[in-house]
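# Notes for the structure review
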Amino acid sequence: MLTIKTNFGDIKVQLFEKEAPITTRNFLDYVRSGFYKGTIFHRVIPGFMIQGGGMDKAFNEKPNNAPIRNEAANGLSNERGTLAMARTSVVDSATSQFFINLVDNDFLDFKAPTPQHYGYCVFGKVTEGMEVVDAIAQVPTGSRYPHQDVPEQDVVILDIVEE
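Residues numbered from 1 in each chain as written. Predicted model: local features only at pLDDT ≥ 70, side-chain atom pairs only at ≥ 80, totals over all residues. Heavy atoms only, no water.

Turning next to the packing of aromatic side chains. Applying the stated criterion across every chain yields a total of 11 aromatic pairs. Centre to centre, the rings of Phe35 and Tyr36 are 5.4 Å apart; their planes meet at 90°, and the pair counts as edge-to-face. Note on accessibility: Phe35 and Tyr36 belong to one class, buried. Between Phe41 and Phe98, the ring centres sit 5.9 Å apart and the planes meet at 80°, which makes this aromatic pair edge-to-face. Of this pair, Phe41 sits in strand E3 (residues 39-45) while Phe98 sits in strand E6 (residues 98-101), and the two are 57 residues apart along the sequence. In this structure Phe41 comes out as buried when scored by relative accessible area, which is 1%. Its relative accessible area of 0% is what places Phe98 among the buried residues. In this structure, Lys62 is placed above the aromatic ring of Phe35, and the distance from its NZ or CZ to the ring centre is 4.5 Å. Over the ring of Tyr120 we find Arg87, and its NZ or CZ is 4.3 Å from the ring centre. (Phe/Tyr/Trp six-rings, centres within 6.5 Å; stacked < 30°, edge-to-face > 60°. Buried < 20%, exposed > 50% of the residue type's maximum accessible area, 1.4 Å probe, protein only. Helix = DSSP H or I, 4+ residues; strand = E, 2+ residues; numbered from the N terminus. Lys NZ or Arg CZ within 6 Å of the ring centre and 35° of its normal.)

Following this line, the structure appears as structure tokens:
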């Protein structure tokens, strides 16, 4: 069990270590190193997801560990309240950034072992604090070149701690 401490409140999360062992190990490595302290939720799209864990308040990307293998074919679905790894269009490119699904986003699930259908790996679920996630989703957003959907008010991850 983890607690994502934000300036909007706490979000408690259960990790799916059995279904996504590589991904949870990677996430816990970042947590245990203190990597997430002071990072922000830099992308907020109401009715879709909130994304963070890679940039500081000045939008500087933090240096990451090597990318990990995508475990999206683990049978878990991108349902409301689940945590999944963000990545580029490269299937195995996830590092530190993650997102929390605000709604059921099954179109992000694994469909086939091809780059366009591989999906995004679910590795955890919010167990308490969805009201905090929903409050973050309501923060007005704008653009901050080259980024879109950027909260106009900083949404800071103060820390992520193991319980």
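From this point, things continue past the structure.
Moving on, we get to the environment of Thr95. If you trace the backbone, Thr95 turns up in the loop between strand E5 (82-85) and E6. Those residues within four positions of Thr95 in sequence are excluded, and the remaining contacts are Asn26, Tyr30, Asn64, Asn65, Ala66, Pro67, Met85 and Ala86. (Contact = heavy atoms within 4.5 Å.)

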